[in-house]
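Each chain, letter by letter, is given below.
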Amino acid sequence: MVDSTWGTQDGPRDVLGPVAGEPAFDDHRPPRSDIVDDCVHCGFCLTTCPTYALWGEEMDSPRGRIYLMKEGLDGEPMTASMVQHYDRCLGCMACVTACPSGVRYDRLIEDTRAQVERRFDRTPAQRALRAAIFSLFPYPRRLRLLRGPLRAYQASGLQRLVARTGLMERLGPTLATLESLAPRLGRVPAPPRLIPARGTRRAVVGVLTGCVQGAFFPDVNSATIRILAAEGCDVVVPRGQGCCGALSVHNGREREAQRFARRLIDTFARAGVDHVVVNAAGCGSSMKEYADLLRDDPRYAEPAAAFAAKVRDLSEILVELGPVAPRHPLPLTVAYHDACHLAHAQGVRAQPRALLRGIPGLTVKEIADPEICCGSAGIWNVLNPEPAAELGDRKARNVLATGAELLVTANPGCLMQVAASVRRLGGEIALAHTAKVLDASIRGLDPGALLRRS
């Protein structure tokens, strides 16, 4: 392993060495050299980086990847090894929180990934897998079409039979991962388009229904809407919502992300809302960065900045407004898991905990090593199933060690990832989105409604 003090010496070279070819980056939004130069290679990022925790490889740490970016800016070509190290980054942004120099690694890795997707020739198998993912996941209607067959598969007992035979594992780790992540589905009616505030109106808010959230966790959207209405908000659910572009921008598909962003900006502009409320951490993170994503677009640069200023995570808007709806007791012990794009990318940590601790009878426990990602990271667990499972199992063990009855988090990917790992480890804990817990307290539901075992 490379000496952790290499920042004071010559840095390590790409393991494949330089090869003949054009420079790694073109002139369209390369990783910014001023941000690269902000990194002093201190090593504070190392203990928070999930891939460095897995492999202990310098080039699979944030400062190692920044070194590779500097090589590219200095004219080195883009090698397969270089791309592999970029691809291995989960984009969890724990390093951004840990960095004492304030290095905007989030900006660096997104710009670098866009360069990779434009300029690097992936293998046919890699291209096929990514094409399949991005022809499905960013399209809510296509995802909803899967609900019927998936519910039938789960209800028929075929899923249990397939699990006993190990068929999915033999077909391939990607299929096995997708099958293990799928949540149990039930019938949830589509929400109305306008839900009036209960009592005095305090705000008019729009709700993003999302792609995976809308298709596989519609009950979370329903809970979100009920909470907002109970707290005095007129709630608008605009028709024709599409993807926010989070998966695309986090995987270097810049033009696709921009197209999704423009459509969403137009959709909510027609809705005329004070705030846009998001209950999925990855979506909220990207929507708050629309001004940067569309900064070169003369038509959308200003609307994008105005839109981003309106975006609020559900916990943010509830804390900003302050509670008016009475909370009923929920005598439960819960463990709260920080979704990476909520805690690190958005800096939203205190608000969810404050809301949970405001519920009578609820005890909140912290999880060990909270800064290490669970391994979901958008589609990272689909592209990298084996290391993602290792990270998921690590997180699940820490969750189970709390002794809590219920794991609470604010991102659909985290819920699916941790649930799959808990099942794999043979553990038992219920899982719920923050919105479901708040909704249960406001409605005075029996705590047992939240304790469906994973």
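Being a predicted model, the structure only gives us computed values, none of them experimental. (Residues numbered from 1 in each chain as written. Predicted model: local features only at pLDDT ≥ 70, side-chain atom pairs only at ≥ 80, totals over all residues. Heavy atoms only, no water.)

1. Observations regarding the overall build of the protein
- For the protein, the helix and strand inventory stands at 26 helices and nine strands.
- Among the 454 residues that make up the protein, the fraction classed as buried is 57%.
- The contacts in the protein between residues at least 6 apart in sequence include a share of 79% that link residues at least 24 apart.
- Carbon and sulfur atoms make up 54% of the accessible area of the protein, which totals about 19400 Å². (Helix = DSSP H or I, 4+ residues; strand = E, 2+ residues; numbered from the N terminus. Buried < 20%, exposed > 50% of the residue type's maximum accessible area, 1.4 Å probe, protein only. Contact = heavy atoms within 4.5 Å. Areas by Shrake-Rupley, 256 points an atom, 1.4 Å probe, with all protein chains shown as cover.)

2. Structural notes on empty space enclosed by the protein
- Summed over the entire model, instances satisfying the criterion amount to five cavities of 30 Å³ or more.
- Approximately 210 Å³ is the volume attributed to the largest cavity.
- Lining the largest cavity we find 16 residues, and of these R29, E110, D111, V249 and L293 sit closest to its centre.
- Looking at the lining of the largest cavity, the elements with two or more residues in it are helix 6 (105–119), helix 15 (246–250) and helix 18 (290–293).
- Broken down by element, the lining of the largest cavity gets its largest block of residues, five residues, from helix 6.
- In terms of residue class, the lining of the largest cavity is built from three nonpolar, four polar and nine charged.
- Space inside the second largest cavity adds up to approximately 130 Å³.
- Those elements that place two or more of their residues in the lining of the second largest cavity are helix 3 (62–73) and helix 5 (94–98).
- Take the lining of the second largest cavity: its biggest share by element is three residues, from helix 3. (1 Å grid on protein atoms, 1.4 Å probe; cavity = no way out; pocket = protein on both sides within 12 Å on 5 of 7 lines; lining within 4 Å. Points joined across faces, edges and corners; volume = space filled by probe spheres on them. Nonpolar A, V, L, I, M, F, W, Y, C, P; charged D, E, K, R; others polar.)

3. A few points about a positive patch on the surface
- On the surface, R141, R144, R193, R239, R263 and R270 cluster together into a positively charged patch.
- Every element with two or more residues in the positive patch is listed here: helix 8 (140–145) and helix 16 (254–271).
- Looking at where R141 falls in the secondary structure, it is placed in helix 8.
- R141 sits in the exposed class, given a relative accessible area of 65%. (Patch = residues over 30% accessible without salt bridge, like charges linked within 9 Å, V, L, I, M, F, W, Y side chains within 5 Å. Salt bridge = Lys/Arg side-chain N within 4 Å of Asp/Glu carboxyl O. Lys, Arg positive; Asp, Glu negative; His and termini not counted. Charge placed at Lys NZ, Arg CZ, Asp CG, Glu CD.)

4. What about the pairing of strand 9 (residues 430–433)?
- Burial along strand 9 is two-sided: the face carrying A430 and A432 and the face carrying L431 and H433 are both buried.
- Relative to strand 9, strand 8 (residues 406–409) is paired through four bridges, and the arrangement is parallel. Within strand 9, the residue paired with V408 across the bridge is A432.
- In this fold, strand 8 hands off to helix 25 (residues 412–425), which returns the chain to strand 9; that crossover is right-handed. (Pairing = 2+ DSSP bridges. Right-handed = clockwise from strand over helix to strand, strands pointing away.)

5. Let's talk about the pattern of salt bridges
- Counted by the stated rule, this structure contains 34 salt bridges.
- The salt bridge involving R127 is made with D121; its shortest N-O contact spans 3.0 Å.
- Residue class for R127 comes out partly exposed when judged on its relative accessible area of 42%.
- Judged by its relative accessible area of 62%, D121 falls in the exposed class.

6. Details of the sheet that holds strand 3 (residues 233–236)
- On the basis of which strands lie adjacent, the open sheet formed by five strands has the order 1-3-2-4-5 and mixed pairing. At either margin of the open sheet sits one strand with a lone partner, and together these are strand 1 (194–195) and strand 5 (311–313).
- Looking at chain direction, strand 4 (residues 275–278) and strand 5 are connected through three bridges and run parallel. In the strand pairing of strand 5, V276 is matched with V311.
- Where helix 19 (residues 301–310) meets the sheet, its contacts fall on strand 4 and strand 5, and the angle it forms with strand 5 comes to roughly 25°. (Axes fitted to C-alpha atoms, helices over the stretch in contact; angles between N-to-C directions.)

7. What to know about the nonpolar core
- With 72 residues, the main nonpolar core has L228, V235, L362, L406 and V437 as its most contacted residues.
- The element that contributes the greatest number of residues to this core is helix 14 (residues 218–230), accounting for seven residues.
- Core analysis: the next-biggest nonpolar cluster, separate from the first, contains 28 residues, L68, M93, V96 and V116 among them. (Core = buried A, V, L, I, M, F, W, Y, C linked by side-chain atoms within 4.5 Å.)

8. Points about the sheet that holds strand 6 (residues 333–336)
- Pairing is parallel in the open sheet, where four strands are placed in the order 7-6-8-9. The sheet is open, and its two edges are formed by strand 7 (363–365) and strand 9, each paired on a single side. Strand-to-strand twist across the sheet, computed as the mean angle between neighbouring axes with direction ignored, equals 35°.
- Judged from the three bridges that link them, strand 6 and strand 8 form a sheet pairing that is parallel. The residue of strand 8 that forms the bridge with Y336 is V408.

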